[in-house]
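What follows is each chain in one-letter form.
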Amino acid sequence: MPFNFLAVIVASLVTLLVGFVWYNPKVFGTIWMQETGMTEEKAKQSNMLKVFGLTIFFSFMMAFIMPSLTIHQMGALGMVGGDSTLAKPSYTAFLADYGDAFRTFKHGALHGFISGIFLALPMIAINGLFEQKSWKYILVNAGYWIVSLAIMGAIICGWQ
């Protein structure tokens, strides 16, 4: 069960693609702008190279950890210290029996969705509450992360 670095790279781009749709004015962009106080003029003042570059970098960080959240076999790999070449024969036997178990796009999307609900939503909600943001703000941003993590999980888990 080798680490699929290409799947991680592709999953890193998900946040940009989902963001282009999610924050479009015809979807949730207008609500987001109202809730954050963002204006078109203020948005144009951003250093877009910096914003998109760091977005890809941070998305890569999330995608890099997703295999441990979405692929059950990563737990078995962790039990042998992360180096399968040093594992006992029982590890190889286990992977022969269960190496592809739950390795589907659907299962990865489920784990990504759960990660969004139990990680992204609480973090955004806590920050939003202390920043005195509205529930619209919290739900728009959390929804974006829930969808993004579900798609990232699907890619990471399903792409073998």
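Details of the structure are given in the entry above.
Basis of the calculations
- Residues numbered from 1 in each chain as written.
- Predicted model: local features only at pLDDT ≥ 70, side-chain atom pairs only at ≥ 80, totals over all residues.
- Heavy atoms only, no water.
- Axes fitted to C-alpha atoms, helices over the stretch in contact; angles between N-to-C directions.
- Helix = DSSP H or I, 4+ residues; strand = E, 2+ residues; numbered from the N terminus.
- Parallel < 35°, antiparallel > 145°, perpendicular 65-115°, else oblique.
- Left-handed = near helix turned anticlockwise from the far one by under 90°.
- Contact = heavy atoms within 4.5 Å.
- Nonpolar A, V, L, I, M, F, W, Y, C, P; charged D, E, K, R; others polar.
- Core = buried A, V, L, I, M, F, W, Y, C linked by side-chain atoms within 4.5 Å.
- Buried < 20%, exposed > 50% of the residue type's maximum accessible area, 1.4 Å probe, protein only.
- 1 Å grid on protein atoms, 1.4 Å probe; cavity = no way out; pocket = protein on both sides within 12 Å on 5 of 7 lines; lining within 4 Å.
- Points joined across faces, edges and corners; volume = space filled by probe spheres on them.
- Phe/Tyr/Trp six-rings, centres within 6.5 Å; stacked < 30°, edge-to-face > 60°.
- Lys NZ or Arg CZ within 6 Å of the ring centre and 35° of its normal.

Engineer: Now, about the packing of helix H1 (residues 5-12) against helix H5 (residues 48-70): what can you tell me, with residues and values included?
Structural biologist: Each pair of packed helices gets described by two things: the angle between the helix axes and the distance between those axes. Put simply, H1 and H5 touch, their axes get as near as 8 Å, and they point 135 degrees apart. One way to sum up the angle between H1 and H5 is to call them oblique. Crossing geometry of H1 relative to H5 is assigned as right-handed. Along the contact surface, H1 presents Phe5, Val8, Ile9, Ala11 and Ser12, while H5 presents Ile56, Ser59, Phe60, Ala63, Phe64 and Pro67. For the contact of H1 with H5, the class distribution of residues is nine nonpolar, two polar and no charged.

Engineer: Pulling in residues and values, what's your account of the nonpolar core?
Structural biologist: Counting residues in hydrophobic clusters, the biggest one holds 17 residues, and the most contacted among them are Ala11, Met152 and Ile156. Broken down by element, this core gets its largest block of residues, seven residues, from helix H9 (residues 135-158). With five residues, the next largest nonpolar core counts Ala125, Tyr137, Ile138 and Ala142 among its residues.

Engineer: Describe in detail the layout of surface pockets, supporting the description with residues and values.
Structural biologist: The computed volume of the largest pocket comes to approximately 1100 Å³. Forming the boundary of the largest pocket are 27 residues, of which Tyr23, Trp32, Met38, Val51 and Thr55 lie nearest the centre. The set of elements that each furnish at least two residues to the lining of the largest pocket consists of helix H2 (14-22), helix H3 (29-36), helix H4 (40-44), H5, helix H8 (105-130) and H9. Taken together, the residues that form the lining of the largest pocket break down as 15 nonpolar, nine polar and three charged.

Engineer: Tell me about the side chain of Thr70, and name the residues and values.
Structural biologist: The residue Thr70 is located in helix H5 in this model. Ignoring any residue separated from it by four or fewer positions in sequence, one finds Thr70 in contact with His107, Gly108, His111, Gly112, Gly153, Ile156 and Cys157.

Engineer: Can you explain the packing of aromatic side chains? Please cite residues and give values.
Structural biologist: Scanning all chains against the criterion turns up ten aromatic pairs. Put simply, the rings of Phe3, Phe5, Phe60 and Phe64 pair up and form one aromatic cluster. The aromatic ring of Tyr137 is capped on one face by Lys133, whose charged end is 5.2 Å from the ring centroid.

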